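Spelled out, the chains give:
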Amino acid sequence: MALPRFPATSPFFHAPASRRTFLHSTLAVGTMGLLAGCGGTSAASSAAVKTAGGATVVRYQGSPNAVTYLELAEDLGYLEGVQLQWLGNTTSGPQDIQSVATGAADIGGAFAGAVVKLIEAGAAVTAVSNYYGSDAQTFQGLFVAADSHITTPRDLVGRSVAMNTLGAHAEAFVSTWLRRAGLSEEEIAEVTYVALPPNDTGQAITRGFVDAGVLGGIAQDVALAQGGIRELVRDTDLFGGFAGGQVVLRDDWIEANPDASTSVATGIFRAVEWATDQPRETVIARHTEIITARGRDEKLEPLKHWKSSGLTDGGRIRDEDFTRWQDWLRTTRIVEEDLDPVKYYTNAFITAAAVSGAVS
């Protein structure tokens, strides 16, 4: 199926300047909605449902054809005293953590910048573990057509860049690359970001519907196999290996369920460590078993594209997991001052025994 060439007036196009205005209005509305949702959550309703055996039920959203670290932790027996309840699949990281803020789910994960946005908008949530990252095997890359004349950051001025979600990891990465190359904010504002599904991005680049696109995971592998694209830069070229996103719990839920909060955060930490330590084939085989057993009519083919967790510290969060995005967050007016990262996360629920390796 042919992809259309999106005009500048298309709702799929968002130039940075207009997007900032949109973002402000969205955050204002979002703040009212989030505060209303959180304000209506009493201490009693924050106390999770218990199973007949006394386990705490943790409601979460999954991802199709994939295994989250929360699900892996349960399968490995790392979630003591916790029973997961799958609510369906999330449509995006921001949607996932918004569901936590409003009480529709108990745990969710998103890009660090999205976590900052949500908390700055007034949501009472806290990040308790990293859950994805970028390394030499697993990364976000910016690609152009093989015969494109685009070779430098400045060549993107006046051009279009496709990405899965606006205002998230891909946009922050590209904007940071442009800024580090010395482009002015006015020049960066002339780069048009396009929301496009990853499965369509490779084709959109080769057919000239967009000038560049950010790809990762299976979509990156498939596009490279099909050919006709060339890599410009990776997010790891800017930051080295780094943690990209965190899982969050609602603050009142944490207060009402401290043991379950510890079990979840430590379980994710241990699952990340397990996946990091095991051979790739072992991880893929375990994921295959989990997906097959849960019976959600999912595809197993995407699993072969799993390469690594992208994390090197078992999910423990550091200040720089948030501060690396500070310039981007300020230019998009998510924050006005320097970040105070302690506002956004805690490692208190990852047990010392797990960190020291005493828990296997």
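Residues numbered from 1 in each chain as written. Predicted model: local features only at pLDDT ≥ 70, side-chain atom pairs only at ≥ 80, totals over all residues. Heavy atoms only, no water.

**Q** Is there a simple way to explain unusual backbone geometry in this structure?
**A** One can expect most non-glycine residues to show negative phi and most peptide bonds to be in trans. Unusually for a residue other than glycine, asparagine 65 sits at a positive phi of about 60°. On the secondary structure map, asparagine 65 appears in the loop between strand 2 (56–62) and helix 3 (69–75). Note on asparagine 65: relative accessible area 22%, which makes it partly exposed. (Helix = DSSP H or I, 4+ residues; strand = E, 2+ residues; numbered from the N terminus. Buried < 20%, exposed > 50% of the residue type's maximum accessible area, 1.4 Å probe, protein only.)

**Q** Just to check I follow, could you spell out helix 5 (residues 112–120) for this structure?
**A** Since there are 3.6 residues in each turn of an α-helix, residues three or four apart along the chain are aligned in direction. The buried count for helix 5 comes to eight of nine residues, which makes it a mostly enclosed element. Along helix 5, the positions that sit buried rather than exposed are Ala112, Gly113, Ala114, Val115, Val116, Lys117, Leu118 and Ile119. Within two residues after helix 5, glycine 122 carries a phi angle of roughly 110°, on the positive side.

**Q** It is not clear to me how the pattern of salt bridges should be interpreted in this structure. Could you clarify?
**A** Pairing of side chains with opposite charge becomes possible as their charged atoms draw close. Under the criterion given, the structure shown has 15 salt bridges. In this structure, the salt-bridge partner of glutamate 71 is arginine 294, at a minimum N-O distance of 3.1 Å. Of the two residues, glutamate 71 sits in helix 3 while arginine 294 sits in helix 13 (residues 280–294), which places them 223 residues apart along the sequence. The same class applies to glutamate 71 as to arginine 294, namely buried. Between arginine 234 and glutamate 231 there is a salt bridge, with its nearest N and O atoms 2.8 Å apart. Classification of glutamate 231 as partly exposed rests on a relative accessible area of 32%. It is possible to trace a salt-bridge network through shared partners that takes in Glu71, Arg294, Arg296 and Glu298. (Salt bridge = Lys/Arg side-chain N within 4 Å of Asp/Glu carboxyl O.)

**Q** Looking at this structure, I do not really get the pairing of strand 11 (residues 242–250). What am I missing?
**A** Two faces, one strand: in a regular strand the side chains alternate between the faces of the sheet. Where burial is concerned, most of strand 11 is hidden: nine out of the nine residues are buried. As paired strands, strand 4 (residues 107–111) and strand 11 are joined by five bridges and run antiparallel to one another. Directly across from glycine 109, in strand 11, lies its bridge partner valine 247. Pairing of strand 5 (residues 125–134) with strand 11 involves eight bridges; the strand directions are antiparallel. Within strand 11, the position partnered with asparagine 130 by the bridge is glutamine 246. (Pairing = 2+ DSSP bridges.)

**Q** I'm lost on the confidence of the model for the chain in this one. Help?
**A** Close reading of the predicted structure is inappropriate where its pLDDT is low. Mean pLDDT over the chain works out to 87, with 86% of the residues at or above the 70 mark. Scored below 50 in pLDDT, residues 1–44 shows 63 contacts in the model against residues more than four places distant or in partner chains. (pLDDT = per-residue confidence, 0-100. Contact = heavy atoms within 4.5 Å.)

**Q** Explain the side chain of threonine 236 here, please?
**A** Here threonine 236 is to be found in helix 10 (residues 235–239). In contact with threonine 236, not counting residues within four places along its chain, are Ser134, Asp135, Phe139 and Phe242.

**Q** For this particular structure, what's the right way to read the nonpolar core?
**A** Ranked by internal contacts, the top residues of the largest apolar core, which has 49 residues, are Leu142, Leu156, Val161, Leu178 and Phe322. Each residue touching leucine 178, except ones within four places of it in the same chain, is listed here: Pro153, Leu156, Leu183, Ile188, Val191 and Tyr193. Counting residues in hydrophobic clusters, the runner-up holds 39 residues, among them Ala48, Tyr60, Phe269 and Ile291. (Core = buried A, V, L, I, M, F, W, Y, C linked by side-chain atoms within 4.5 Å.)

**Q** How should I be thinking about the packing of helix 4 (residues 93–101) against helix 5 in this particular structure?
**A** Packed helices, taken two at a time, are described by the angle their axes make and the gap between the axes. Contact pair helix 4 / helix 5: the axes reach a minimum separation of 10 Å and the direction vectors enclose 35°. The crossing of helix 4 and helix 5 is right-handed. Contacts between helix 4 and helix 5 involve Pro94, Ile97, Gln98 and Ala101 from the first element and Ala114, Val115 and Leu118 from the second. (Axes fitted to C-alpha atoms, helices over the stretch in contact; angles between N-to-C directions. Left-handed = near helix turned anticlockwise from the far one by under 90°.)

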